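Residue-level structural notes
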Amino acid sequence: MTSTVNPDHDTSGAAETETDRPDVLLDVRGVKVHFPIRKGIIFDKVIGHVYAVDGVDLQIRRGETYGLVGESGCGKSTLGRAILNLEPLTEGSVRFDGVDIASLKGEELRRRRQDLQMVFQDPMSSLDPRQSVESLLLESMKAHDLVEDGATASQRLRELLAAVGLPPAALKKYPHEFSGGQRQRIGIARALSVNPKLIVADEPVSALDVSVQAQVINLLEDLQKEFGLTYLVVAHDLAVVRHISDRVGVMYLGALAEEAPADDLYARPLHPYTRALLSAVPVPDPVVEDQRERILLTGDLPSPANPPSGCRFHTRCPWRQPTRCDTERPALRVVNIDGVPEDHRVACHWAEQIASGELRPHEVEAVAVEQTALIDEGASPIMGPTSIGEIG
Ligand SMILES: Nc1ncnc2c1ncn2[C@@H]1O[C@H](COP(=O)(O)OP(=O)(O)O)[C@@H](O)[C@H]1O
Ligand code: SF4
Ligand SMILES: [Mg+2]
């Protein structure tokens, strides 16, 4: 049953965050991004909201790669855009290098934008097809006054191309003359061209052939070492962020369900949602593959315009309990489980009892999900882990 409790009044999702630390480059606190749903041609009436991001706390340390995963439509891109100040915050704050990003305007904002760059999912639509690679790269450098004279610029362009593994001849070509993987290299070169500190890579390899995905991920890793970059890598596929990430955050319906150092998360997922996602990833060893736990998720992802009350996951959770789950929103918290580090946090009331086996999974009745026509139009196609209901 989907409830209509207004998530605006529900602040219990706020996490216990670390205090200000100098090694934190990006500090996201209590961030909400709600989009109004309007109706009416003459009277523009707001009839509801899409709670795309609904209470996210996360910190990214300097030089770290933070992987953010979750089903399509759970708010990853909106959060990425909010971090870059491309989307206004409904609530909360984003501090970058100690500066409140939302408070910046005009020239100050323009200068700060140099430090925060984005790499997009579809390089074809993010690169102007009428501009040569040279002109694309020069444009972003000029926007930040990084072009002193022709000779220095030309040297810089060659360095950038070499860094992303493209020959100098690529400068005179246009985006359509490249393969998908090469175009993503150009997108990465453009982000690098302004010497950023943080790169938000939004599904950087989702549009690429599997064979090319690893090359682009490896390139991102190499560039991180070479230029001391910090990354937020967004993906709907847990396998993509596994190797590149130091820490991983799992997002469900606008909030983090679990966050942990990557190795811990994959070795010991504690949130029922993460367990279900990981149980859907095939294991190469056929013996392990036959024996491993499979958690079937029933029901569709609820609409972010009408998110379930209490724990957002309760409509699909095989461990759902009659108390607390549908009334009290769990905070992202440190759990009291032997061997689980403090930086492995889980937003589940029953994480300890589930981990110990005291609580067992049960069948979940499929719940009809109300969709709003407007939301359906805006939603991206459901991909990746959403298909977990189909396995088994
Ligand atoms: N500008 C917008 N106006 C209204 N709804 C939006 C807008 N942008 C995104 N949404 C909605 O917010 C939700 C989260 O979207 P998004 O952040 O793109 O998710 P993800 O990147 O995880 O697939 C979706 O339901 C989407 O339709
Ligand atoms: S709080 Fe309840 S519904 Fe939510 S994940 Fe934990 S057991 Fe499942
Ligand atoms: Mg997205």
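Each chain has its residues counted from 1, running along the sequence as written. Note on labels: chains are lettered from A, ligands numbered from 1, in written order. Side-chain atom pairs in this predicted model are given and counted only at pLDDT of 80 or more, local residue features only at pLDDT of at least 70, and totals for whole chains, interfaces and linings cover all residues.

**Focus on the overall build of the chain**
Secondary structure is summarised from DSSP: a helix means a run of H or I of at least four residues, a strand means a run of E of at least two, and numbering begins at the N terminus for each. The helix and strand tally for the chain stands at 13 helices and 12 strands. Any residue surrounded by 20 or more other C-beta atoms within 10 Å of its C-beta is treated as buried, while 12 or fewer makes it exposed and the intermediate range makes it partly exposed; C-beta atoms here are placed from the backbone. In the chain, which comprises 392 residues, the proportion classed as buried is 42%.

**A short note on the site of ligand 2**
Each residue receives a C-beta atom built from its backbone; the residue is near a molecule or strand if that atom lies within 6 Å of it. Not every one of the 13 residues close to ligand 2 is listed here, only the nearest: Cys311, His314, Cys317, Cys325 and Cys348. Of the residues that constitute the shell around ligand 2, the class distribution is 9 nonpolar, 3 polar and 1 charged. Each residue receives one of three labels: charged for Asp, Glu, Lys and Arg, nonpolar for Ala, Val, Leu, Ile, Met, Phe, Trp, Tyr, Cys and Pro, and polar for the others, Gly being one of them.

**Re the nonpolar core**
We define the nonpolar core as any set of buried residues of the types Ala, Val, Leu, Ile, Met, Phe, Trp, Tyr and Cys, connected via C-beta atoms lying within 7 Å of each other. By size, the foremost hydrophobic cluster in this structure holds 94 residues, and its most contacted members are Leu232, Met251, Tyr252 and Leu256. Among the elements that take part in this core, strand β2 (residues 45-61) stands out by supplying 7 residues, more than any other. In this entry, domain limits derive from an automatic or database-based domain assignment. Each of two domains, domain 1 (7-115 + 196-390) and domain 2 (125-195), supplies a minimum of three residues to this core. Two residues form a contact once the distance between their C-beta atoms, set from the backbone, is within 7 Å. Once residues lying within four places of it in the same chain are set aside, the contact partners of leucine 232 are Ile60, Tyr66, Leu68, Gly80, Ile83, Leu198 and Val200.

**Some details on the sheet that holds strand β1 (residues 24-39)**
When DSSP finds at least two bridges between two strands, those strands are taken to pair. An order of β2-β1-β4-β5 is seen for the 4 strands of this open sheet, with the pairing classed as antiparallel. The open sheet has two edge strands with one neighbour each: β2 and β5 (99-100). The pairing of β1 with strand β4 (residues 91-96) spans 5 bridges and is antiparallel. Considered in β4, the bridge of valine 28 is made with valine 94.

**Digging into the packing of helix α4 (residues 133-143) against helix α5 (residues 150-163)**
When two helices pack together, their arrangement is given by the angle between the helix axes and by the axis-to-axis distance. Here, axes are lines fitted to C-alpha atoms. For helices the fit covers the stretch in contact, and angles between N-to-C directions go from 0 to 180 degrees. At their nearest, the axes of α4 and α5 sit 11 Å apart, and the two run at 110° to each other. In terms of orientation, α4 and α5 fall into the roughly perpendicular class. Judged by the sense of rotation from one axis to the other, the crossing of α4 with α5 is right-handed. Two secondary-structure elements touch here, α4 through Glu134, Leu137, Leu138 and Met141 and α5 through Ala153, Leu157 and Leu160. The residue inventory of the contact of α4 with α5, partitioned by class, reads 6 nonpolar, no polar and 1 charged. Note on terminology: angles under 35 degrees are roughly parallel, angles over 145 are roughly antiparallel, angles of 65 to 115 are roughly perpendicular, and the others are oblique. What makes a crossing left-handed is the near helix being turned counterclockwise from the far one by less than a right angle; a clockwise turn instead makes it right-handed.

**Notes on the sheet that holds strand β6 (residues 116-119)**
Pairing in this open sheet of 8 strands is mixed, and the strands run β6-β7-β8-β3-β9-β10-β12-β11 from one edge to the other. Edge positions in the sheet fall to β6 and β11 (333-334), since each of these pairs with one other strand and no more. Here helix α6 (residues 180-192) sits on the sheet and contacts β6 and β7 (198-202); the angle it forms with β6, its principal contact strand, is near 175°.

**Quick notes on unusual backbone geometry**
Phi angles above zero are rare outside glycine, and asparagine 195 is one such case at about 55°. You can call asparagine 195 partly exposed: it has 13 C-beta atoms within 10 Å. You will see that leucine 253, though not glycine, has its phi angle at about 45°, which is positive. Here leucine 253 lies in the loop between β9 (247-252) and β10 (255-261).

**Brief notes about the pairing of strand β3 (residues 65-69)**
Among the 5 residues in β3, 5 count as buried, and that is most of the element. Neither face of β3 is left uncovered, since the one carrying Thr65, Gly67 and Val69 and the one carrying Tyr66 and Leu68 both have all their residues buried. Inspection of the sheet shows β3 paired to strand β8 (residues 230-235) by 5 bridges, in the parallel sense. Pairing of valine 69 across the sheet is with alanine 235, part of β8. The sheet contact formed by β3 and β9 spans 4 bridges and is parallel. When the bridges of β9 are listed, leucine 68 appears paired with glycine 249.

**A few points about the pairing of β2**
Among the 17 residues in β2, 12 count as buried, and that is most of the element. Once β1 ends, the chain turns through 5 residues before running back antiparallel as β2, passing glycine 40 with a positive phi of about 100°.

**Comments concerning the packing of α6 against helix α7 (residues 210-227)**
α7 packs onto α6 with a crossing angle of 20° between their chain directions and a minimal axis gap of 10 Å. Of the possible angle classes, the one that applies to α6 and α7 is roughly parallel. Between α6 and α7 lies a crossing whose hand is right-handed. Only Val212, Gln215, Val216, Leu219, Leu223 and Phe227 of α7 make contact with α6, whose side of the interface consists of Gly180, Gly181, Gln184, Arg185, Ile188 and Leu192. Looking at the contact of α6 with α7 residue by residue, the class counts come to 7 nonpolar, 4 polar and 1 charged.

**Some thoughts on the confidence of the model for the chain**
A score from 0 to 100, pLDDT tells how confident the predictor is in each residue. Of all residues in the chain, 86% have pLDDT values of 70 or greater, and the mean over the chain is 86. Confidence over residues 1-18 falls short of pLDDT 50; this stretch has 38 contacts with residues more than four positions distant or in other chains. When the criterion is pLDDT under 50, residues 371-392 qualifies, and its contacts beyond four places in sequence or with other chains add up to 41 contacts.

**As for α4**
Of the positions making up α4, those classed as buried are Val133, Leu136, Leu137, Leu138 and Met141. Against the buried residues of α4 lie α5 and α6. Trailing α4 by a residue or two, aspartate 145 shows a phi angle of about 50°, which is positive.

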